[in-house]
Amino acid sequence: PNLQTRMIRFPQLAGPEKIQTMKEVFQLEVASFHTRAPELVLDDNATRETFFEFDPSHPSPGRVILNPKKLFADTNPYAALLFLIHETRHSYQFQIAFTASRFSKAYALGFSAQKQIFDQGLPASFCDFLTLNQEYEAFLYGNFVMQRLTGGTVDTTDMGTWVSTYVFNKG
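Read on for a plain summary of the structure. (Residues numbered from 1 in each chain as written. Predicted model: local features only at pLDDT ≥ 70, side-chain atom pairs only at ≥ 80, totals over all residues. Heavy atoms only, no water.)

### Digging into the pattern of salt bridges
Selection rule: The rule for a salt bridge is simple: a side-chain nitrogen of Lys or Arg has to be within 4 Å of a carboxyl oxygen of Asp or Glu. Numbered from the N terminus, helices here are DSSP runs of H or I no shorter than four residues, and strands are runs of E no shorter than two. Only protein chains enter the calculation, and the probe is 1.4 Å; a residue is then buried if its accessible area is under 20% of its type maximum, exposed if over 50%, and partly exposed in between.
Tallied over the full model, the rule gives 5 salt bridges. One salt bridge in this structure joins Arg-63 and Glu-39, with 3.6 Å as the shortest N-O distance. Separated by 24 residues along the polypeptide, Arg-63 in strand S3 (residues 63-66) and Glu-39 in strand S1 (residues 39-42) bring together distant segments of the chain. Classification of Glu-39 by relative accessible area gives partly exposed; the value is 45%. A salt bridge links Lys-115 to Asp-119, with the nearest nitrogen and oxygen atoms 3.3 Å apart. Placement of the pair is Lys-115 and Asp-119 together in helix H5 (residues 104-119), with a separation of 4 residues, close to one helical turn. With a relative accessible area of 27%, Lys-115 lands in the partly exposed category. Each of Glu-39, Glu-53 and Arg-63 takes part in salt bridges that share partners, so that together they form one network.

Below is the structure:
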């Protein structure tokens, strides 16, 4: 209940409290997946706001890299939590991409396509990128988790596409 309250009040928390809340959310999320924990890197000097670092040729839990300074300044006051949940979900997806799960091939192909797009500078629209299996599902998952844990008080409409938006039914 204390963590849930801090998640709801996240915009009003001081920086150190936000970081602590993020770390606790990360630990619970990883525990719920029953997979190995990725490395969590919270770095105010990271070049991008958020990303999941992975290498399909060397499957591992990967690295979740977030720039808290940039995320705390985002127009969505919950961006840091939303992207933490989203990027951590990628670690789960990446780990099961190399198993015999029913989603493994879809995730493996998606991560391979993502690697090609970025490594080779292939043209892709942002919307095309968001339709990769792992991106669509990570946005849907993150939006669902935030909506459920906060009773629908967090606006997630800017996370992903309209298709990956989750609307909490308050009725």
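### Section: the packing of aromatic side chains
Any two aromatic rings considered together are summarised by their centre-to-centre distance and by the angle between their planes. Formally: Working definition: rings of Phe, Tyr and Trp (its six-membered ring) pair if their centres are within 6.5 Å, and the pair is stacked with planes under 30 degrees apart, edge-to-face with planes over 60 apart, and tilted otherwise. Note on geometry: a ring has a charge over it if NZ (lysine) or CZ (arginine) is within 6 Å of the ring centre and within 35 degrees of the ring normal.
As enumerated under the stated definition, the model contains 11 aromatic pairs in all. With a centroid separation of 5.8 Å and 15 degrees between ring planes, the pair formed by Phe-52 and Phe-54 is classed as stacked. Grouping residues by exposure puts Phe-52 and Phe-54 together as buried. These aromatic residues form a ring-pair network of at least three members: Phe-52, Phe-54, Phe-94, Phe-98 and Phe-111. The aromatic ring of Phe-51 is capped on one face by Arg-48, whose charged end is 4.1 Å from the ring centroid. The lysine or arginine in question, Arg-89, covers the ring of Tyr-141, its NZ or CZ lying 4.0 Å from the ring centre.

### Some remarks on the nonpolar core
Put simply, the rule is: Definition of nonpolar core: a set of buried residues of the types Ala, Val, Leu, Ile, Met, Phe, Trp, Tyr and Cys, connected through side-chain atoms within 4.5 Å. Residue contacts are defined here by distance: any two heavy atoms, one from each residue, within 4.5 Å place the two residues in contact.
Counting 37 residues, the largest nonpolar core has Phe-10, Met-22, Val-25, Leu-66, Leu-81, Phe-83 and Met-146 as its most contacted members. Elements represented by at least two residues in this core include exactly helix H1 (2-8), helix H2 (15-33), S3, helix H4 (79-96), H5, helix H6 (126-130) and helix H7 (133-149). For this core, the element with the highest residue contribution is H4, accounting for 10 residues. Setting aside residues up to four positions removed in sequence, Phe-83 forms contacts with Thr-50, Leu-66, Leu-71, Phe-139 and Met-159.

### Re H4
Cut-off, in case you're wondering: Expected helix span is computed as 1.5 Å times (number of residues minus one).
For H4, which comprises 18 residues, the first-to-last C-alpha distance of 26 Å matches the rise-based estimate of 26 Å (1.5 Å per residue) to within 8%. Within H4, 18 of the 18 residues are buried, which leaves it mostly tucked inside the rest of the structure.

### Description of the packing of H5 against H7
Here is the rule we go by: Fitted lines through C-alpha atoms give the axes, limited to the stretch in contact for helices. The angle between two N-to-C directions lies from 0 to 180 degrees. Any angle that is under 35 degrees is reported as roughly parallel, and any over 145 degrees as roughly antiparallel; angles of 65 to 115 degrees are reported as roughly perpendicular and all others as oblique. Throughout this entry, Asp, Glu, Lys and Arg are counted as charged residues, while Ala, Val, Leu, Ile, Met, Phe, Trp, Tyr, Cys and Pro are counted as nonpolar. The remaining residues, Gly among them, count as polar.
Put simply, H5 and H7 touch, their axes get as near as 7 Å, and they point 110 degrees apart. Overall, the two elements H5 and H7 adopt an arrangement that is roughly perpendicular. Along the contact surface, H5 presents Ala-106, Tyr-107, Gly-110, Phe-111 and Gln-114, while H7 presents Asn-133, Gln-134, Glu-135 and Glu-137. For the contact of H5 with H7, the class distribution of residues is 3 nonpolar, 4 polar and 2 charged.

### A few points about the sheet that holds strand S2 (residues 50-53)
Note the threshold: For two strands to pair, DSSP has to find at least two bridges joining them.
Spatial strand order, S1-S3-S2: 3 strands in an open sheet with mixed pairing. Both edges of this open sheet fall to S1 and S2, since each of them pairs with a single strand only. Strand-to-strand, the axes of this sheet are offset by a mean angle of 15 degrees, without reference to chain direction. On top of the sheet, H2 reaches S1 and S3; it is set at about 165 degrees to S1, its chief contact.

Keep in mind these numbers describe shape, not what the thing actually does.
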